[in-house]
Amino acid sequence: MLVGGAAQFLHEWLLIRGDTRGALFCYITRPSKRSGAKRDYLQKETHLTTDALVKILEKRQQQAGLKHLSWHDFRRTYISDLINQYDLVTAQKIIGHSSTSITAKYDRTWQEKAKEAAECA
């Protein structure tokens, strides 16, 4: 289930992409001079490959001036945010892990809490 900003971004993307069959996230080519509509340059039959996603991530991280990121970093952040906002069991059920011990391995919130605790001492 998507909520908040993710749900809104997906809704906006679907307005551009349309609801015809094909890859949800697909290649976008530059429009030809003959084409005026955005949908004419969406290649819905061609889904994004893993290599394409890696290149997109690398480009965006470079533009943002960030250190190396991996797709797994996004997963860790998402799970940590779920644990912070709700609890470990809720995060485990949303993610679909078989046990909370697996979900707990993704939690990075303890690092920030340890830093705060050290500053108090």
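The following refers to the structure shown.

1. Points about the overall build of the chain
- Helices and strands together make up the secondary structure of the chain, namely six helices and two strands.
- By the burial criterion, 21% of the 121 residues in the chain qualify as buried.
- Nonlocal contacts in the chain, meaning residues at least 24 apart in sequence, comprise 22% of its contacts between residues at least 6 apart.

2. Some details on the side chain of Ser80
- Relative to the helices and strands, Ser80 resides in helix α3 (residues 71–85).
- Judged by relative accessible area, Ser80 falls into the buried class, the value being 5%.
- Among the polar contacts made by the side chain of Ser80, one reaches the main-chain amide nitrogen of Arg108 at a distance of 2.7 Å.
- Once you skip the residues sitting within four places of it in the chain, Ser80 turns out to touch Tyr106, Asp107, Arg108 and Thr109.

3. Regarding the nonpolar core
- Within the largest apolar cluster, six residues are counted, these being Ile79, Leu82, Ile83, Ala91, Ile95 and Tyr106.
- Sorting the residues of this core by element identifies α3 and α4 (88–95) as the ones contributing at least two each.
- With three residues, the single largest contributor to this core is α3.
- Setting aside residues up to four positions removed in sequence, Ile79 forms contacts with Ala91, Ile95, His97, Thr103 and Tyr106.

4. Some thoughts on the packing of aromatic side chains
- Tallied over the full model, the rule gives one aromatic pair.
- For the pair Trp71 and Phe74, a centre-to-centre distance of 5.5 Å together with 35° between the ring planes defines the contact as tilted. Here Trp71 and its partner Phe74 are both found in helix α3, three residues apart, which amounts to about one turn of the helix.
- Stacked on the ring of Tyr106, the Lys or Arg Arg75 has its end atom at 5.4 Å from the ring centre.

5. Topic: α3
- Over its 15 residues, α3 extends 21 Å from the first C-alpha to the last, a length consistent with the 21 Å expected when each residue adds 1.5 Å.
- For α3, the full list of buried residues reads Arg76, Ile79, Ser80, Leu82 and Ile83. Down the axis of α3, the buried set is contained in an arc of 160°. They therefore lie on one face.
- On its buried side, α3 packs onto α4, α5 (100–104) and α6 (109–120).

Each value, and the rule that gives it
Residues numbered from 1 in each chain as written. Predicted model: local features only at pLDDT ≥ 70, side-chain atom pairs only at ≥ 80, totals over all residues. Heavy atoms only, no water. Helix = DSSP H or I, 4+ residues; strand = E, 2+ residues; numbered from the N terminus. Buried < 20%, exposed > 50% of the residue type's maximum accessible area, 1.4 Å probe, protein only. Contact = heavy atoms within 4.5 Å. Polar contact = N/O pair within 3.5 Å; in protein donor to acceptor, adjacent residues only side chain to side chain. Core = buried A, V, L, I, M, F, W, Y, C linked by side-chain atoms within 4.5 Å. Phe/Tyr/Trp six-rings, centres within 6.5 Å; stacked < 30°, edge-to-face > 60°. Lys NZ or Arg CZ within 6 Å of the ring centre and 35° of its normal. Expected span 1.5 Å × (residues − 1). Arc of directions from axis to C-beta.

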